[in-house]
Amino acid sequence: MIYKAISADGHVNEPPNLFEDRLPAKFKERGPRVIETPNSKGHAWVMEGQSRPSVLGFACMYFRSSKRGDRASLIDTFKNIKDRGVRFEDMFEGSWDPAARAREITDDQIDAEVIFNGVGTVWNGIKLMKDKELSLACFQVYNDWMAEFQDYAPERFICNATLPSTGIDDCLRELDRCVDMGLRTVQLEAYPSGSFTEPSAADDRFWAAAVELDMPVNVHTEFFFPAGDLGSKITADGVPDTKLRAKALGIDLDAGKFPVILYKMISSGVFERFPTLKFLGTEVHLGWIPYYLEKFDESVLRNRQEWDLPLLPSEYFHRNVSVVYIVDEAGAADRYDIGVGNIMWGPDFPHSSSNWPVDYELGHEILERAGATPSEIQRIMWRNAADMYQLSYDEPVMVGSTTGRGNA
Amino acid sequence: MLDMSGCRLISADSHVIEPPDLFSARLPAKLRDRAPRLETASGVCRWSVDGVSAPLPDSVVNGSGWRRAPHGPRTFDDVLPALYDAAQRLVAQDADGVAAEVLYPFPGLWDLIRATGEHELILACVRAYNDWIAEFSAHRPDRLIGLGRIPMTGFDDACEELQRCVNDLGLRGVIIDAWPALGPAPGRGDDRFWEVVNEAAVPVSIHYTLGGSSRSTPPAGIAPGLRPPMADAALPLVAAGIFDRFPDVRFVLAHGDAGWATHWLEFTDINYVRNRHLSQYQLENSDLLPSEYLRRHFWFTVHQDRSAVRNRHKLGRTHLLWSSHFPLDGADWPDDRRQAVRLTEELPTEERADILGKNVARLYRLPGFEDGFAGVEEEPMARLVHF
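Now for a quick tour of the structure. Every chain is numbered independently, its residues counted from 1 as its sequence is written. Here the convention is simple: chains get letters from A, ligands get numbers from 1, in the order in which they are written. Reporting of local features is limited, given that this is a predicted model, to residues whose pLDDT is at least 70; pairs of side-chain atoms are given and counted only at 80 or more, and all residues count toward the totals for whole chains, interfaces and linings. Hydrogens and waters are ignored; side-chain quantities use all the structure's heavy atoms.

## Side note on the overall build of chain B
Piece 1. The secondary structure listing takes helices from DSSP runs of H or I that are at least 4 residues long and strands from runs of E that are at least 2 residues long, numbered from the N terminus. Helix and strand counts for chain B come out as 14 helices and 12 strands.
Piece 2. Taking 387 residues into account, the globule formula puts the C-alpha radius of gyration at 21 Å, and chain B, at 20 Å, falls close to it.
Piece 3. Considered along the principal axes of its C-alpha atoms, chain B spans approximately 60 × 50 × 40 Å.
Piece 4. Exposure is judged per residue with a 1.4 Å probe applied to protein chains only, and the accessible area is read against the type maximum: over 50% gives exposed, under 20% gives buried, and values in between give partly exposed. The buried share of chain B, reckoned over its 387 residues, is 63%.
Piece 5. Here, residues are in contact when the closest pair of their heavy atoms is within 4.5 Å. For chain B, restricting intrachain contacts to residue pairs at least 6 apart in sequence, the fraction spanning at least 24 positions comes to 72%.
Piece 6. Note on areas: Shrake-Rupley with a 1.4 Å probe; residue coverage comes only from the protein chains shown. About 14,500 Å² of surface is accessible on chain B, with carbon and sulfur atoms providing 49% of the total.
Piece 7. Positive residues here are Lys and Arg, negative ones are Asp and Glu, while His and the chain termini are left out of the count. Working definition for charges: the position is that of NZ of Lys, CZ of Arg, CG of Asp or CD of Glu. Taking the average location of the 41 positive side-chain charges in chain B and that of its 54 negative ones, the two points are 3 Å from each other. Computation of the radius of gyration draws on C-alpha atoms alone. For the globule rule, the value is 2.2 Å times the number of residues to the power 0.38.

## With respect to the overall build of chain A
Piece 1. If you tally the helices and strands in chain A, you get 16 helices and 11 strands.
Piece 2. Its C-alpha atoms put chain A at 55 × 50 × 50 Å along the principal axes.
Piece 3. For chain A, with 408 residues in total, the buried portion stands at 62%.
Piece 4. Within chain A, contacts between residues separated by at least 24 positions form 73% of all contacts whose residues are at least 6 apart in sequence.

## Side note on the side chain of His325(B)
Residue and element names in this part refer to chain B.
Piece 1. Topologically, His325 is positioned in the loop between β12 (320–322) and α13 (336–343).
Piece 2. Looking at His325, the relative accessible area reads 8%, which means it is buried.
Piece 3. When residues no more than four places from it in sequence are discounted, the contact partners of His325 are Ser11, Asp13, His15, His255, His303 and Ala331.

## Quick notes on the sheet that holds strand β4 (residues 52–55) of chain B
All names here are of chain B.
Piece 1. When DSSP finds two or more bridges between two strands, those strands count as paired. In spatial order, the strands read β2-β3-β4; together these 3 strands make up an open sheet with antiparallel pairing. Bordering the open sheet on either side are β2 (37–41) and β4, each of which pairs with just one other strand. Ignoring strand direction, the axes of neighbouring strands in this sheet form an average angle of 40°.
Piece 2. Axis lines are fitted to C-alpha atoms, over the contacting stretch for helices. Their N-to-C directions set the angle, which ranges from 0 to 180 degrees. Each of β3 (44–49) and β4 is contacted by helix α3 (residues 107–115), which is oriented at about 30° to β3, the strand it contacts most.

## Some words on the pattern of salt bridges
Piece 1. Any carboxyl oxygen of Asp or Glu within 4 Å of a side-chain nitrogen of Lys or Arg constitutes a salt bridge here. Per the counting criterion, the structure on display carries 49 salt bridges over all chains.
Piece 2. Across the salt bridge formed by Glu118(B) and Arg34(B), the nearest N and O atoms sit 3.2 Å from each other. Separated by 84 residues along the polypeptide, Glu118(B) in the loop between α3 and α4 (119–138) and Arg34(B) in the loop between α1 (22–26) and β2 bring together distant segments of the chain.
Piece 3. Since its relative accessible area comes to 36%, Glu118(B) is described here as partly exposed.
Piece 4. Residue classification places Arg34(B) among the partly exposed positions, given a relative accessible area of 25%.
Piece 5. We note a salt bridge from Arg149(B) to Asp177(B), for which the minimum N-O separation is 2.7 Å. With Arg149(B) in strand β7 (residues 148–149) and Asp177(B) in the loop between β8 (174–175) and α6 (191–200), this residue pair connects regions lying 28 residues apart in the sequence.
Piece 6. For Arg149(B), a relative accessible area of 8% gives the class buried.
Piece 7. Here Asp177(B) falls in the buried class, since its relative accessible area comes to 8%.
Piece 8. One connected set of salt bridges, linked through shared partners, spans Lys295(A), Glu298(A), Arg302(A), Asp257(B) and Asp332(B).

## So, the interface of chain A and chain B
Piece 1. Between chain A and chain B, the contact holds 52 residues from the first and 45 residues from the second.
Piece 2. Joining two parts hides part of their accessible area as seen by a 1.4 Å probe, and the buried area is that hidden amount summed over both. Between chain A and chain B, roughly 3,700 Å² of surface is buried when both sides are summed, and carbon and sulfur atoms account for 53% of that area.
Piece 3. One can count 3 salt bridges joining chain A with chain B.
Piece 4. As a salt-bridge pair, Asp332(B) and Arg302(A) come within 3.4 Å of each other at their nearest N and O atoms.

## So, the nonpolar core
Generally speaking, soluble globular proteins have nonpolar side chains that are buried together.
Piece 1. By nonpolar core we mean a set of buried residues, namely Ala, Val, Leu, Ile, Met, Phe, Trp, Tyr and Cys, connected to one another through side-chain atoms within 4.5 Å. If you look at the biggest cluster of nonpolar residues, it comprises 223 residues, and the most contacted ones within it are Phe206(A), Trp207(A), Phe23(B), Ile176(B), Phe193(B), Trp194(B) and Phe251(B).
Piece 2. Counting residues in hydrophobic clusters, the runner-up holds 20 residues, among them Ile175(B), Trp299(B), Val360(B) and Tyr364(B).

## Looking at the pairing of strand β8 (residues 217–220) of chain A
If a strand is regular, its side chains alternate between the two faces of the sheet.
All names here are of chain A.
Piece 1. Side chains Val217 and Val219 project from β8 onto one buried face, and the interleaved Asn218 and His220 project onto a second face that is buried too.
Piece 2. Sheet topology places strand β7 (residues 185–188) next to β8; 3 bridges connect them, and they run parallel. Counterpart to Val186 in the pairing with β8 is Val217.
Piece 3. A crossover links β7 with its parallel partner β8, the connecting element being helix α7 (residues 203–213), and its sense is right-handed.
Piece 4. Strand direction decides the pairing type here: β8 and strand β9 (residues 279–282), joined by 4 bridges, are parallel. Seen with its strands pointing away from the viewer, a crossover is right-handed if its path from the first strand over the helix to the second goes clockwise.

## Remarks on helix α3 (residues 98–107) of chain A
Residue and element names in this part refer to chain A.
Piece 1. Those residues of α3 that sit buried are Pro98, Ala100, Arg101, Ala102, Glu104 and Ile105.
Piece 2. In this structure, the buried residues of α3 make contact with β1 (6–11), β5 (112–116), α5 (132–152) and β6 (157–163).
Piece 3. Its side-chain oxygen 2.9 Å from the backbone nitrogen of Ala99, Asp97 forms the N-cap of α3.
Piece 4. Two residues or fewer after α3 comes Gln109, characterised by a positive phi angle close to 65°. By the criterion applied in these results, polar contacts are pairs of N or O atoms within 3.5 Å in which, for protein atoms, one can donate a hydrogen and the other can accept it, and in which residues neighboring in sequence qualify only through two side-chain atoms.

## What to know about the packing of aromatic side chains
Residues and elements named next belong to chain A.
Piece 1. We call Phe, Tyr and Trp rings a pair once their centres come within 6.5 Å, taking the six-membered ring for Trp, and we label the pair stacked below 30 degrees between planes, edge-to-face above 60, and tilted otherwise. Within this structure, the stated rule accounts for 41 aromatic pairs over all chains.
Piece 2. Ring geometry for Tyr142 against Trp145: centres 6.0 Å apart, planes inclined by 65°, an arrangement best described as edge-to-face. Residue Tyr142 and its partner Trp145 are located together in helix α5, separated by 3 residues, close to a single helical turn. Here Tyr142 matches Trp145 in class, with each residue buried.
Piece 3. Taken together, the ring pairs in this structure connect Phe206, Trp207, Phe258, Tyr263, Phe271, Phe279, Trp288, Tyr292, Phe296 and Trp307 into an aromatic cluster.
Piece 4. Each ring is checked for a lysine NZ or an arginine CZ that lies within 6 Å of its centre and within 35 degrees of its normal; such an atom marks a charge sitting over the ring. Looking at Arg335, its charged tip hangs above the ring of Tyr336, at a distance of 4.7 Å from the centre.

## So, the pairing of strand β2 (residues 33–37) of chain A
Piece 1. Pairing of β2(A) with strand β3 (residues 42–46) of chain A involves 5 bridges; the strand directions are antiparallel. From the neighbouring strand, Val34(A) faces β3(A), where its bridge partner is Trp45(A).

## Examining helix α6 (residues 168–180) of chain A
Residues and elements named next belong to chain A.
Piece 1. In this model, α6 (13 residues) spans 18 Å end to end at C-alpha, consistent with the 18 Å of a helix rising 1.5 Å per residue.
Piece 2. Of all the positions in α6, only Ile168, Asp170, Cys171, Leu172, Glu174, Leu175 and Cys178 are classed as buried.
Piece 3. Tucked inside the fold, the buried residues of α6 contact α5, β6, β7 and α7. In this scheme, a helix's expected span is set at 1.5 Å multiplied by one less than its residue total.

## Quick word on the sheet that holds strand β11 (residues 343–345) of chain A
Residues and elements named next belong to chain A.
Piece 1. Ordered in space as β1-β5-β6-β7-β8-β9-β10-β11, the 8 strands form an open sheet in which the pairing is parallel. The open sheet has two free edges, formed respectively by β1 and β11, since each of these has just one partner strand. The sheet shows a mean angle of 30° between the axes of neighbouring strands, taken without regard to direction.
Piece 2. Alignment of β6 against β7, held across 4 bridges, turns out to be parallel. Paired with Asn160 across the two strands is Thr185, which belongs to β7.
Piece 3. Strands in contact with α5 are β5 and β6; relative to β6, the strand with the most contacts, it is inclined by about 170°.

## Some words on the environment of Ser53(B)
All names here are of chain B.
Piece 1. Turning to its location among the elements, Ser53 is positioned in strand β4.
Piece 2. For Ser53, a relative accessible area of 27% corresponds to the partly exposed category.
Piece 3. Residues contacting Ser53, with those up to four places away along its chain left out, are Glu39, Arg46, Trp47, Ser48 and Leu112.
Piece 4. A polar side-chain atom of Ser53 sits 3.2 Å from a polar atom in the side chain of Arg46.

Listed below in structure tokens is the structure:
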């Protein structure tokens, strides 16, 4: 077959009873659970040790009651976006029901989708739980559910295992367990050792296993997606409140951001030691990358004596790293500096940054506006993802088409 | 090499190193024993304030981060005279093929002075520096464009020193490292300051960061090519309506390049367009997007930044200002001209001349450019988002 579009970034919203139903008896009372938020009349997750509930806020843009938009009215549909007061019964059922999800992505002209966890909703809370055994059990419960979700339509859904941040041994064991369950990709919520700030030698066991299994390793946006205790608002002064809250919790938010993770991965030689590791930054967008690589290379070229790796940073990037974006006009225009083979499109459905049901239309339009050729559009809209996740397809017949990863 | 004979090179971000007697000779007698002083410790010459010190960078020995100096300055005698002597500076500019420079102080020293938190001392140091840099610039006002510092010791001090810089000392621009009224965000309380800036049309610089305890140069060991922290100061200015009330207020984001800015502008617009109905900041002029305010009122200094040069039409090509960073780490002295040529080699002649010198000459209204940007054809602002 030939695909029209593969979304390299979609999300579930974990169903309210997921943890209560599935956690072992001794943890049943202590897992994440959903409460009513009294003022905004919505739902929120509460987790052991978190002082503020994580509201369902930006977890979706489209509600069952919303008038369905089209390309022309897209801008009006943004008024539906809510940062609070979202209820489970208002959301599209595909947030947790695979049958409904298959219909929803079909409406969006998407053939297959790489699925990630609900990021801000429960995950900060699970990661920061003091009881690591409870935390690990939550990861496992989620991964069991992901495997079932994927089994509904493995040709449509490529579900990520979310790997535990409770230590390298847990991480490796859960990787094996998830592979046995048929999951084909993983997302990291911390470095494999469990550190939120620094890569370490202990991680190498994990990178080696990922290479051995040919398993793509995703980081979705950052290690701490703002919600709950972190907050997610930009104040009336135009200042984000996340940083102050994180500081109070002792979390170094900057260290968990993808460009910093990437810097540490490249400069600590991970890609030199594991030249076939497939590392992805999802929902990290594109427009920042040309300057980042330019400066990274320049810092090396000017200070050769402090750089003992044989390749330049940009060379490791082009060989080992893929990046996924939603909407990014500047990045589409700068695609040759990033590498057409390193870019995947992923509209983030059903989160509030998505544009359902015109994600495909808008994604295509942006690449056309940037002057991308039909073969470039194919690569970014589905083919790079099909190669990454080993989905088979017939070779598209195209004049002047190119194959392989790396620079276009 | 291309013929650059017709192109005047003006650096929008260069530095001086404060001479040893700057503070000891100029501070009021009662503060003199607390004046910042030069000392040598661990074999490196350094500025010291209240027992805390900041080493002078190695590159003050030879002006180049590229040809690494064999060692840093052991004493002030090792520092290039061009960094504190105006006549020598002109010789260094000639050697470099640079016609003029906008001059900032040595950031490490001012981070120390600020960290004392002693208002009387800080204010006295700021005034001493402003007097000195005004004398330095007066040696050749068309080639030495010193900027004044605004003290962060209180709103009245800030307004008073701004007036003094502009009216008495004849400085062409000022540097802030806090909001004038010292609030956590810009607000109405700052208005009297912006009123003066607006009237005098002096560009206001932020050098890498803005805020109490933060550094004004990038720390070592962070990922390169990230958005500099000073960018976080920009949107609050828009949200506070400063540019609606004071349309001639102009900012220079110094030492931070602009290659990061296309993405930042696009995503600032995306966030605004999608989420403006939520309880976020509002814009007074609802016909404008935040990036349109930002691109109108902000200028960027660019050093080794091909990404910005390539994306100049999105950023505004009259808003990019080449800079040499002389003599800090990134500098290539005496080969800055070669670096500038390489950076702009793909540009049409006129655009190259703009980025390498004319834009900064217009911004600071240097001789021959008294009308600023008047009469310069503004290219239509490229739309960054298409919802």
